[in-house]
Number of protein chains: 2
Amino acid sequence: MRPTGKDVARRAGVSPKTVSNVLTGVVSVTPRTRARVEQAMQELNYVPNHSARSLRNGRSGLIGLALPDLSTPYSADLAHHIVEAAHERGWGVQIEETGHDPQREVELMSQARTNIIDGLILNPVVLDESAVKVGVALPPVVLLGEVNQHLTDRVWVDGVTAASDMTKLLAAKGARRIAVLGATGERRSATAITRTEGYRAGLAELGFPRDTALEIVCDDWTPRGSAEALAAYLDQHDLPDAIFCFTDSLAIGALNALSSKGIRVPDDVMVAGFDDIDDGEFANPPLTTVSFDRREVAERALDMLARRIANRDRTPETVTVDYRIIERASTHDRISRKN
Amino acid sequence: MRPTGKDVARRAGVSPKTVSNVLTGVVSVTPRTRARVEQAMQELNYVPNHSARSLRNGRSGLIGLALPDLSTPYSADLAHHIVEAAHERGWGVQIEETGHDPQREVELMSQARTNIIDGLILNPVVLDESAVKVGVALPPVVLLGEVNQHLTDRVWVDGVTAASDMTKLLAAKGARRIAVLGATGERRSATAITRTEGYRAGLAELGFPRDTALEIVCDDWTPRGSAEALAAYLDQHDLPDAIFCFTDSLAIGALNALSSKGIRVPDDVMVAGFDDIDDGEFANPPLTTVSFDRREVAERALDMLARRIANRDRTPETVTVDYRIIERASTHDRISRKN
DNA sequence: TTGAAAGCGTTACCAT
DNA sequence: ATGGTAACGCTTTCAA
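Note that this is a predicted model, so its numbers are computed, not measured.

K.L.:
I keep staring at the protein's contact with DNA strand D and nothing clicks. Help me out?
P.N.:
Taken together, 23 residues surround DNA strand D, and among them A:Thr18, A:Thr33, B:Gly5, B:Lys17 and B:Tyr46 come closest. Protein-proximal atoms of DNA strand D, defined as those within 4 Å of the protein, fall in sugar or phosphate at a share of 71%. A distance of 2.4 Å is found between a phosphate oxygen of DNA strand D and a side-chain nitrogen or oxygen belonging to A:Thr33. Its residues assigned to classes, the surface near DNA strand D comprises eight nonpolar, 10 polar and five charged.

K.L.:
Looking at this structure, I do not really get the packing of helix 1 (residues 5-12) of chain A against helix 3 (residues 31-44) of chain A. What am I missing?
P.N.:
The relative placement of two packed helices comes down to the angle between their axes together with the axis-to-axis distance. Residues and elements named next belong to chain A. Where helix 1 meets helix 3, the closest approach of the two axes is 9 Å, and the angle between their N-to-C directions is 120°. As the angle between them shows, helix 1 and helix 3 are arranged oblique. Here the hand of the crossing between helix 1 and helix 3 comes out right-handed. Counted together, Asp7, Val8, Arg11 and Ala12 of helix 1 and Arg36, Val37, Ala40, Met41, Glu43 and Leu44 of helix 3 form the full contact between these two elements. The residue makeup of the contact of helix 1 with helix 3, split by class, is six nonpolar, no polar and four charged.

K.L.:
Explanation requested: the environment of B:Ile82 in the structure shown.
P.N.:
Looking at where B:Ile82 falls in the secondary structure, it is placed in helix 5 (residues 73-88). The spatial distance from the C-alpha of B:Ile82 to the C-alpha of B:Val142 is 12 Å, given a sequence separation of 60 residues.

K.L.:
It is not clear to me how the domain arrangement of chain A should be interpreted in this structure. Could you clarify?
P.N.:
You'll often see interface size given as the accessible area lost when the parts meet. Partitioning chain A into structural domains gives domain 1 (5-48), domain 2 (60-157 + 294-323) and domain 3 (159-292 + 325-338). Each of domain 1 of chain A and domain 2 of chain A was reduced to a C-alpha centroid, and the two centroids are 37 Å apart.

K.L.:
Just to check I follow, could you spell out the pattern of salt bridges for this structure?
P.N.:
Once the charged atoms of two side chains with opposite charge are near each other, the side chains can pair. This structure, assessed with the given rule, holds 52 salt bridges over all chains. Notably, a salt bridge pairs A:Glu88 with A:Arg295, separated by 3.1 Å at the nearest N-O pair. With a gap of 207 residues between them, A:Glu88 in helix 5 (residues 73-88) and A:Arg295 in helix 13 (residues 294-310) connect regions that are remote in the sequence. Ionic pairing is found between B:Asp235 and B:Lys261, a salt bridge with its closest N-O pair at 3.1 Å. Of this pair, B:Asp235 sits in helix 10 (residues 223-236) while B:Lys261 is found in the loop between helix 11 (248-260) and strand 9 (270-272), placing the two residues 26 residues apart along the sequence. Three or more residues joined by partner-sharing salt bridges are found here, namely A:Glu84, A:Glu88, A:Arg89, A:Arg295, A:Glu296, A:Glu299, A:Arg300 and A:Asp303.

K.L.:
What is the right way to read the relation of the copies chain B and chain A from this model?
P.N.:
Relative to chain A, chain B is turned by 180° and slid 0.1 Å along the rotation axis, the superposed coordinates differing by an RMSD of 0.1 Å. Put plainly, the chains are arranged around a two-fold axis. Ranked by how close their C-alpha atoms come to the rotation axis, the residues of chain B are headed by B:Gln94, at 2.2 Å. The fraction of interface residues of chain B whose copies in chain A are also interface residues reaches 100%, indicating that both copies meet through the same surface.

K.L.:
I tried to follow the interface of chain B and chain A on my own but got confused; where do I start?
P.N.:
Taken residue by residue, the interface counts 49 residues in chain B and 49 residues in chain A. In this assembly, chain B packs against chain A so that about 4200 Å² is buried in total across both faces, 53% of it on carbon and sulfur atoms. Our count for the contact surface shared by chain B and chain A stands at four salt bridges. Linking B:Arg224 and A:Glu281 is a salt bridge whose minimum nitrogen-to-oxygen distance equals 2.5 Å. The tally of links between chain B and chain A comes to 11 residue pairs in polar contact (both at pLDDT 80 or more).

K.L.:
I'm lost on the protein's contact with DNA strand C in this one. Help?
P.N.:
Within the structure, DNA strand C sits among 24 residues, and A:Gly5, A:Tyr46, A:Arg53, B:Thr18 and B:Thr33 are positioned closest to it. A share of 71% is what sugar and phosphate atoms reach among the atoms of DNA strand C within 4 Å of the protein. Contact between DNA strand C and A:Arg53: a phosphate oxygen at 2.7 Å from a side-chain N or O atom of the residue. Measuring from a phosphate oxygen of DNA strand C, one finds a side-chain N or O atom of B:Thr18 at 2.7 Å. Mapped by element, the contributors of at least two residues to the surface near DNA strand C are helix 2 (16-24) and helix 4 (50-57) of chain A together with helix 2 (16-24) and helix 4 (50-57) of chain B. Counting residues per element, the surface near DNA strand C draws most heavily on helix 4 of chain A, at four residues.

Thresholds applied
For every chain, the first residue of the written sequence is number 1, and numbering continues from 1 along that sequence. As they are written, the chains are lettered A onward and the ligands numbered 1 onward, keeping that order. Reporting of local features is limited, given that this is a predicted model, to residues whose pLDDT is at least 70; pairs of side-chain atoms are given and counted only at 80 or more, and all residues count toward the totals for whole chains, interfaces and linings. Only hydrogens and water are set aside; all other atoms, that is, all heavy atoms of the structure, feed into the side-chain values. Proximity is defined per residue: any heavy atom of the residue falling within 4 Å of a molecule or strand makes that residue near it. Polar contact is the term for a pair of N or O atoms within 3.5 Å; when the atoms are in protein, one must be able to donate a hydrogen and the other to accept it, and sequence-neighboring residues count only if both atoms are side-chain atoms. Under this grouping Gly is polar, as are all residues other than the nonpolar Ala, Val, Leu, Ile, Met, Phe, Trp, Tyr, Cys and Pro and the charged Asp, Glu, Lys and Arg. Axis lines are fitted to C-alpha atoms, over the contacting stretch for helices. Their N-to-C directions set the angle, which ranges from 0 to 180 degrees. Numbered from the N terminus, helices here are DSSP runs of H or I no shorter than four residues, and strands are runs of E no shorter than two. The cut-offs work like this: below 35 degrees is roughly parallel, past 145 is roughly antiparallel, 65 to 115 is roughly perpendicular, and the gaps in between are oblique. Note on convention: the crossing is left-handed when the near helix lies turned anticlockwise from the far helix by less than a right angle, right-handed when the turn is clockwise. Pairs of residues are marked as contacts when any of their non-hydrogen atoms sit within 4.5 Å. All domain edges in this entry derive from an automatic or database-based domain assignment. Salt bridge, as used here: a side-chain nitrogen of Lys or Arg that lies within 4 Å of a carboxyl oxygen of Asp or Glu. For this overlay, a least-squares fit was computed on C-alpha atoms, restricted to residues scoring pLDDT of at least 70 in both copies. For any pair of parts, buried area is found by adding up, for both, the accessible area (1.4 Å probe) each one loses once the two are put together.

Right under this line is the structure:
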């Protein structure tokens, strides 16, 4: 049987409350008493019971992190930073996967699992304003990503402007027929919608015609899904001048499909991504992409969550994290490649 | 204030115990009573308090998953399957990162955080027999991967034989000078040691001389670390006929370094990986690799953990998960590429 | 089948 | 500065 605070108290010749005082450190304790208690803890190899503690003070020290799919390199890197940053703040992280299931998102938001976690960081796929409203009494939540709502705290990168910037960059590199890969079909992905919007805005600024045939639908945001979608597309359509993929994972799949068909990047077509994951930087050719600091996203999200937990009546805030476009070989024009 | 079981009981006109009976379902309850209680729960939007429940029955319904680095695609995919499989069994998963820190591994093993989690799945980097012995009273633990010990349950793939097989495959493809990339320097990685051992055994079987200059050290198992290590190596050494990278992430970095130097794969040098991650399948060229079913690893690990939690005195078991080598373009010889 | 009461291990309040 | 007591919300004896 594991020793309890009572056992420690008995051994140290004090009351259980004193043991608690030593542990929490909020009330002062005589150095002598403290020493005796700490020694008793050592001897008994005492570890406080977490459940009892959270029952008593209503805090578990655990936060939830809900992501669509942990196996995506982008999500994995995000999770890595959140786990790391949370650990530094003394928080544990429980991972939940929503598997692109809107129902699961609403479930997590509304109530489920409450009180095992003190708060939730949610990276939704489709969550819209209506879904947020469902949960009348929300647990402390911070939303991550390009979901369009303002009823909760959130951290995001301005995907509209970023997508517009990327579109204009590709045009500046000489592309006229610029396609996007990852447009949403049945899934209604908030991220896809945002980036498509930015792409269209970019085209409008450039005075380029909008051609919906250049918006390649692909709901499965994996290299496999992307390769299949692009291969099928190219069987029916002309090769565009550039393909702006809505994530690096999509871009990796695109590079694969193009290579299979003997199409050279960037000579025959330029390719760009979004997210700046490691495997994109080291792809062949390395990917031009939209980069942002995932560690900062993690820190800001945890800051907000901590404030929200402390005070649930705060006005919801939105934090916008900076991005920048990193140009790599996948979009080099002929002149710069001559160097 | 959140409603408690007592509130539900009052509203339904029953005792708290009856509410509990409805919830746990272990004692039979009159359909009429059950219906009344369930209605009361609905009306009050009742969610049982997790802390109280775990305090009472000594189970949290949470397991820990400790990995070196969640941002590695391999770890991410593993975590994905474990989270998914655990969810199906009604378990939550708390993620811990050991950051390649042996101290943190021992910490997790020995006692820390006990009783917030019912058990631990640990994918160690360096953990050896001695470290396991430290924890006299271990919590229920299942070890993942090629760590060399037999005092706890574990699930692994036979990396020795797999590495040997890969070495022989590369030889069969015509390679004579076969290098490995990812050999351990200061880190003493158990996985690196195992795979190096298999590589050497393969060479011995082939009657090839062992040349330690072909064992390229790289402790940082990321594409970046790999690209740097290989670039530096090639500045000082001749190009081998084949490079067997100890993970696909290393191989992706290797492809990048080779491409930067204008070295063609597989024409000038063959490259192979280990793990079969998506980004390797869609790399350019696609990677030959050692593949195994991560979902099965997850299921087996959870099976064992459940058994261990139920009975802590069982004899430790080892489960070996099958692997197979998948040949892709990164090792195609000239003849097969002619097809 | 249901109810009453005790207890899981911890911490807060109120004395001393 | 320390101790006693009660309470967090649930489940498990034991009785009815």
